[in-house]
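Summary of structural features
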Amino acid sequence: MSTALSRPSFAERHAAALRQARFFAWSFARSPSSMLGLAIVLGFFLLAAFGPWIVPYPADATGAMNLANRLQPPSTAHWFGTDEMGNDLYTRVVLATRTSLWVGLTIVGVATLVGVPLGIAAGYFGGVVRSVIMRLTDVFLSVPGIVLALAIVAALGPGILNGIIALSIVWWPGYVRLVEAKALSLRNEPFVEAARAVGASHARILAVHILPNCASPIIVKASMDMGLAILAAASLGFIGLGAKPPAPEWGAMISVARTYMPNWWWYAVFPGLAIYLTVLGFNLFGDGLRDILDPKSNRG
Amino acid sequence: MLAFVLKRLALTGLMLFGLVCITFVVSNVAPSDPAALAAGPDATRDMVETIRREYGLDRPLHEQFLRYVAGLLQGDLGRSIVTTRPVSVDLARYFPATLELVLLSMTLGVLLGVPLGMASAVLKNRAPDHLTRFVAVSLVALPAFWFGILLQLLFSVHLEWLPTSGRLDVATPPPPPITGMILFDSAVAGQWATFRDAVSHAVLPALVLSFPCLASILRVNRAEMIEVLSSDYVTAARAHGVPPLRVVCVHALRNAMLPTLAIIGLRWGWMLGSTVLVETVFDWPGIGLYAVSAAIAGDFKPVMGVTLLIGLNFMIANLVVDILYGVLDPRLRTSS
């Protein structure tokens, strides 16, 4: 039989990794809060993907006017009520999901792409490289992110793109801090020393030996940060420096809704609920990932 | 020890200089023309040019930077276009309100967070523990600006227990200014009616601002308590027949408090930052609201002034925590 000599199957070749993955999935599924987080996150991604096909009034997200229906309370025709333009709030809240997830992914993506390489370089090379990178990081971490982002958006001018730029600028230093400490502790590990001894280049050591070993805390932080970045972007929208109506965005909707309080309460309630659930979902999900991927770390 | 403190001080100085550079760069990449902004919308070209010369905005960048730093060293943060006052005067006027709010929130965070964390640790993995932990995660996820509006809706509009916004009713006479913190000033002056009014105004914003801090104090206290409760000396105390409540509240709590103190220090700057949102919701006239209204009007100098002030506070709080930890744990003085 030729099968005895053929290449082992995928499952055989990766038996150890698959066993590990099954164990991770099993322990993740054992925690109700982690599963709740996963369900919420998946739910919002589905809403973002299929939103335009499930909302009852897709035109309401693009600045349609329907003044006869303005500020209607929640009903069967308008589940979340309507806003001051007569637009259906359920439609606008659902369609804003895509904006928020996109904003979160962009900010966290830029922050990891900038922060992780800098952190690895700082921790691995040490010396002057480390001093320069870490001092620069310290400066950016010396003021709360939301304040610095406010200053940057004030200078660039309001708008969702400028909000993303500002939040990306304040977000990367967190990853440098995280990865630097990890890379520093890895660089004297025997397997790194062994790689160096057999003549591996710095680039290879960083990519093959250091980076994969830093992956767990990065993944955990990135999933928590998705929620926090969405919250921060919504905060800028609320202040009036983020997304501008009529484009649907949760923070900006609450900002407008404030002028219609308290009589038209539903206007502010539903977009805020969406922000809360998204952030909660990513936090619970990230917490669950931390418990399985990075159980030793303890956070304040 | 002295070398450790000096080194930390030097680093803080370096960070402060870095932050000054950032604020300078940010105000100079602005696409809008600061001279035109200062001159107002109706200004002629000549007036704009005059202002440009007057503020030195026509000079090369490095010269402007030196002027900027020299001004900062003399406490000159520029002038606000909206209020037309120097930013330093505005900050002195608005900062006490923010300080009052943050101090109050910090107190609330500790008073609620420490006992909840303790209870959660003692009842580990039982229903109250799960509930508390879920609440802690929720508090971090709640958008402060949204939850503030909901609280206003419930307590101010629906129940009519508390006022919606501001620091005092229009009809309430403000106390003679000593610190600018109304709660403190009215208590010193013995104006208890004013004090009560100020408390009722401060409850909601302070509560909303305290949530993230409360959540982290709770988490850290719980984790620390769980560790301490399983330590040998707690077991020994129990074995000697010390009453359970005394073991938890005296033996264990004392040792679990240290990380909580660190959180308080680290959260200080973050809470100052969050006032940007909370003060906007509650129309609380502090530096957060000042920065936001300036940012919307495109008035940079106040925004940069607030950024520097909060950054300075943040750095000093971190410095104090570092030094305290250095005092308490000598190993940290020599590492890194």
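Below or above, wherever it landed, is the structure these notes cover.

The rules we used
Residues numbered from 1 in each chain as written. Chains lettered and ligands numbered in written order. Predicted model: local features only at pLDDT ≥ 70, side-chain atom pairs only at ≥ 80, totals over all residues. Heavy atoms only, no water. Helix = DSSP H or I, 4+ residues; strand = E, 2+ residues; numbered from the N terminus. Buried < 20%, exposed > 50% of the residue type's maximum accessible area, 1.4 Å probe, protein only. Contact = heavy atoms within 4.5 Å. Areas by Shrake-Rupley, 256 points an atom, 1.4 Å probe, with all protein chains shown as cover. Buried area = accessible area lost by both parts, 1.4 Å probe. Salt bridge = Lys/Arg side-chain N within 4 Å of Asp/Glu carboxyl O. Polar contact = N/O pair within 3.5 Å; in protein donor to acceptor, adjacent residues only side chain to side chain. Nonpolar A, V, L, I, M, F, W, Y, C, P; charged D, E, K, R; others polar. Phe/Tyr/Trp six-rings, centres within 6.5 Å; stacked < 30°, edge-to-face > 60°. Core = buried A, V, L, I, M, F, W, Y, C linked by side-chain atoms within 4.5 Å. Patch = residues over 30% accessible without salt bridge, like charges linked within 9 Å, V, L, I, M, F, W, Y side chains within 5 Å. 1 Å grid on protein atoms, 1.4 Å probe; cavity = no way out; pocket = protein on both sides within 12 Å on 5 of 7 lines; lining within 4 Å. Points joined across faces, edges and corners; volume = space filled by probe spheres on them.

Notes on the overall build of chain B
Across its full length, chain B holds 14 helices and zero strands. When the helices and strands of chain B are placed in sequence order, the string is α-α-α-α-α-α-α-α-α-α-α-α-α-α. Over its C-alpha atoms, taken along the principal directions, chain B stretches across nearly 85 × 55 × 40 Å. Here chain B holds 336 residues, and the buried ones make up 46% of them. For chain B, the share of sequence-separated contacts (at least 6 apart) that also reach a separation of at least 24 residues comes to 71%.

Here we look at the overall build of chain A
A tally of regular secondary structure across chain A gives eleven helices and zero strands. Taken from the N to the C terminus, the helices and strands of chain A come in the order α-α-α-α-α-α-α-α-α-α-α. By its C-alpha atoms, chain A is 75 × 60 × 35 Å across when sized along the principal axes. Sorting the 300 residues of chain A into buried and exposed places 51% on the buried side. Long-range pairs, those at least 24 residues apart, make up 70% of the contacts in chain A with a sequence separation of at least 6. Total accessible area computed for chain A in this model is approximately 13,600 Å², and 67% of it derives from carbon and sulfur atoms.

Examining the interface of chain A and chain B
Of the residues lining the interface, 45 residues belong to chain A; the matching set on chain B comes to 47 residues. Between chain A and chain B, the buried area comes to about 4,000 Å², and carbon and sulfur atoms account for 80% of it. Viewed at the interface, chain B and chain A are joined by one salt bridge. Taking the shortest distance from any N to any O, the salt bridge between B:Arg219 and A:Asp287 comes out at 3.2 Å. In this assembly, chain A and chain B are joined by six residue pairs in polar contact (both at pLDDT 80 or more). Mapped onto the side of chain A that touches chain B, the elements with two or more residues apiece are α5 (127-140), α6 (145-156), α9 (202-239) and α11 (266-293) of chain A. In terms of residues, the side of chain A that touches chain B owes the most to one element, α11(A), which gives eleven residues. Of the residues assigned to the side of chain A that touches chain B, the class counts are 33 nonpolar, seven polar and five charged.

Focus on the pattern of salt bridges
Summed over all chains, the structure comprises ten salt bridges over all chains. Where A:Arg290 meets A:Asp287, a salt bridge forms, and the shortest distance between an N and an O atom there is 3.8 Å. Remark: A:Asp287 and A:Arg290 occur in helix α11; sequence separation between them is three residues, near one turn of the helix. Across the pair B:Asp90 and B:Arg85 runs a salt bridge, and its minimum N-O distance is 2.6 Å.

Points about the packing of aromatic side chains
Residues and elements named next belong to chain B. Per the counting criterion, the structure on display carries 21 aromatic pairs over all chains. Aromatic pair Trp 270 and Phe 314: ring centres 5.6 Å apart, planes at 80°, arrangement edge-to-face. Here Trp 270, found in helix α11 (residues 244-281), pairs with Phe 314, found in helix α13 (residues 300-328); they are 44 residues apart in sequence, far enough to count as distant. Given the relative accessible area of 38%, Trp 270 is considered partly exposed.

Comments concerning helix α12 (residues 287-297) of chain B
Along α12(B), the positions that sit buried rather than exposed are B:Ile287, B:Gly288, B:Tyr290, B:Ala291, B:Val292, B:Ala294 and B:Ala295. Looking at the buried positions of α12(B), the neighbouring elements they touch are α6 and α9 of chain A together with α5 (87-122), α11 and α13 of chain B. One or two residues past the end of α12(B) sits B:Gly298, with phi positive at roughly 70°.

Thoughts on the nonpolar core
One finds A:Leu167, A:Trp171, A:Ile210, A:Trp250 and B:Phe145 to be the most contacted residues of the largest nonpolar core, which totals 173 residues. Here the element with the most residues in this core is α9(A); it accounts for 18 residues. Apart from residues lying up to four places away in sequence, A:Trp250 is in contact with A:Phe44, A:Val93, A:Ala96, A:Thr97, A:Ser100, A:Ile230, A:Pro271, A:Ala274, A:Ile275 and A:Thr278.

Topic: a nonpolar patch on the surface
Residue and element names in this part refer to chain B. A cluster of nonpolar side chains, Met 1, Leu 258, Leu 261, Leu 312, Ile 316, Val 320, Leu 324, Val 327 and Leu 328, forms an exposed patch at the surface whose accessible area comes to about 760 Å². Among the secondary structure elements, those contributing two or more residues to the nonpolar patch are α11 and α13. Along the chain, Leu 328 turns up in helix α13.

A short note on unusual backbone geometry
Residues and elements named next belong to chain B. Positive phi values are uncommon outside glycine, yet Thr 84 reaches one of about 60°. The topology assignment puts Thr 84 in the loop between α4 (61-73) and α5. The backbone of Asp 283 shows a phi angle near 45°, a positive value even though the residue is not glycine. Here Asp 283 shows up in the loop between α11 and α12. The class of Asp 283 is partly exposed, set by a relative accessible area of 40%.

Structural notes on the side chain of B:Asp90
Counting through the fold element by element, B:Asp90 comes out in helix α5. The contact partners of B:Asp90, leaving out residues within four places of it in the chain, are B:Ser80, B:Thr83, B:Arg85 and B:Tyr290.

Digging into empty space enclosed by the protein
Residues and elements named next belong to chain A. All told, the structure shown has one cavity of 30 Å³ or more when counted by the stated rule. Quantified by volume, the largest cavity comes out at close to 90 Å³. Lining the largest cavity are 13 residues, and of these Val 103, Ile 160, Ala 233, Ala 243 and Glu 249 lie nearest its centre. When residues of the lining of the largest cavity are traced back to their parent elements, those giving at least two are α4 (89-125), α7 (160-186) and α9. Residue classes in the lining of the largest cavity are distributed as nine nonpolar, three polar and one charged.

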